[in-house]
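Summary of structural features
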Amino acid sequence: MQNLLIKKTSQTPEIRLDAEKGELCFCGRSLPEDASGFYKPVFDWINNFTSESPRKCFIRFELDYFNTASAKSIFAILNKLEQMNHLGTNMVIEWWFDAEDEDMRDLGKEYIDLFTVNIVLKPRS
Amino acid sequence: METKKPSFQELVYNFHETIRPLDVKLIYEGEINHEIMKVFTSLTENGLRSEEFPGQKKVFNVMVECLQNISRHADPVDGIKQENIGHGIFLISNNEKELTIVTGNILKKDKESFLIEKIDKINSLGKDELRDYYKTVLKDNSISEKGGAGLGFIDIARKTGNKLTYSFYPIDENYSFFIMSAKIDK
């Protein structure tokens, strides 16, 4: 299965999806106008990845800022990951944020409340 | 043609005189699209950086949501070309006490009651209730046809911690001018 690499821009994050290592990274800021269009290849990739029944998966969200349209897409991504977890994939999801950034911490907490899959808050000092 | 020129000059002069005593840092009237949003947000980011204002990221956040609201939802008046969708006014005022972001755009009258209901509801909620409301809308899978997630106003209210102020001015029987302001305390 192919890896997916989307390079960072001033408006969109770097996304690295590595099938072999089972590592997924989202890093930077995300404020595309059409967030569902931007994240479409990510969904497709995760769907394919899920169908390979991976044994484990490590996911790192390291976002400085995202708009509300992206918040919905992140919800949908976590939803997919949760399904994968229920199908038996071992999963670690880390939510990194600047230790002083309460807004990003709270956004992470909100996802924690909405999902049963384990999401770990990782303050960066 | 001869008489039009001085009237534009007058317009600009009167405009300048009107905003001179105010703390207006930026005012823009025209098409609001993703490129314009990029320019304004980076201008503001750079401008605020020198001020060492800790809420600078909130300002960026609120600006993005306000501008994307206009580019998604401002209605073109009938008879005006479709390309004119997403027209609006954007204003930033900044003083020692607070930073205010004001947007104005044309809307079809039939959207008025929906917006009033939505903003009044948001304004009636406390911090924890807003958080619950955010989560409810976040997990509700429907995204409006224009790609808005219905979260924008909630997010603006949460990030600023202040009530949203709004008004509608009737244009004709079909359209209103919708104005919204968000305040960020310093």
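The paragraphs below set out a description of the structure included in this document. (Residues numbered from 1 in each chain as written. Chains lettered and ligands numbered in written order. Predicted model: local features only at pLDDT ≥ 70, side-chain atom pairs only at ≥ 80, totals over all residues. Heavy atoms only, no water.)

**Observations regarding helix 4 (residues 112-124) of chain B**
Residues and elements named next belong to chain B. With 13 residues, helix 4 extends 18 Å from end C-alpha to end C-alpha; this agrees with the ideal 18 Å at 1.5 Å per step. Within helix 4 the residues assigned to the buried category are Leu115, Lys118, Ile119, Ile122 and Asn123. One side of helix 4 carries all its buried residues, which in axial view fall inside an arc of 130°. Pointing more than 90 degrees away from the buried face of helix 4 are the exposed residues Ser113, Glu117 and Ser124. On its buried side, helix 4 packs onto strand 3 (98-108), helix 5 (127-139), helix 6 (152-160), strand 4 (165-170) and strand 5 (175-185). (Helix = DSSP H or I, 4+ residues; strand = E, 2+ residues; numbered from the N terminus. Expected span 1.5 Å × (residues − 1). Buried < 20%, exposed > 50% of the residue type's maximum accessible area, 1.4 Å probe, protein only. Arc of directions from axis to C-beta. Contact = heavy atoms within 4.5 Å.)

**A short note on the interface of chain B and chain A**
With 30 residues of chain B at the interface, the matching set in chain A holds 24 residues. For the pair chain B and chain A, the two sides together bury roughly 2,400 Å², of which 53% comes from carbon and sulfur. Linking chain B with chain A are six salt bridges. For B:Arg158, the salt bridge is made with A:Glu110, and the minimal N-O distance between the two is 2.8 Å. At the boundary of chain B with chain A, the tally comes to 14 residue pairs in polar contact (both at pLDDT 80 or more). Sorting the residues of the side of chain B that touches chain A by element identifies helix 2 (34-49), helix 3 (56-73), helix 5 and helix 6 of chain B as the ones contributing at least two each. Ranked by residues supplied to the side of chain B that touches chain A, first place goes to helix 3 of chain B with nine residues. (Buried area = accessible area lost by both parts, 1.4 Å probe. Salt bridge = Lys/Arg side-chain N within 4 Å of Asp/Glu carboxyl O. Polar contact = N/O pair within 3.5 Å; in protein donor to acceptor, adjacent residues only side chain to side chain.)

**Structural notes on helix 3 (residues 102-114) of chain A**
Residues and elements named next belong to chain A. Spanning 13 residues, helix 3 covers 18 Å between terminal C-alpha atoms, matching the ideal 18 Å at 1.5 Å per step. Along helix 3, the residues that are buried comprise Asp103, Met104, Asp106, Leu107, Gly108, Glu110 and Tyr111. Between a side-chain oxygen at the N-terminus of helix 3 and the backbone nitrogen of aspartate 103 the separation is 3.3 Å; the capping residue is aspartate 101.

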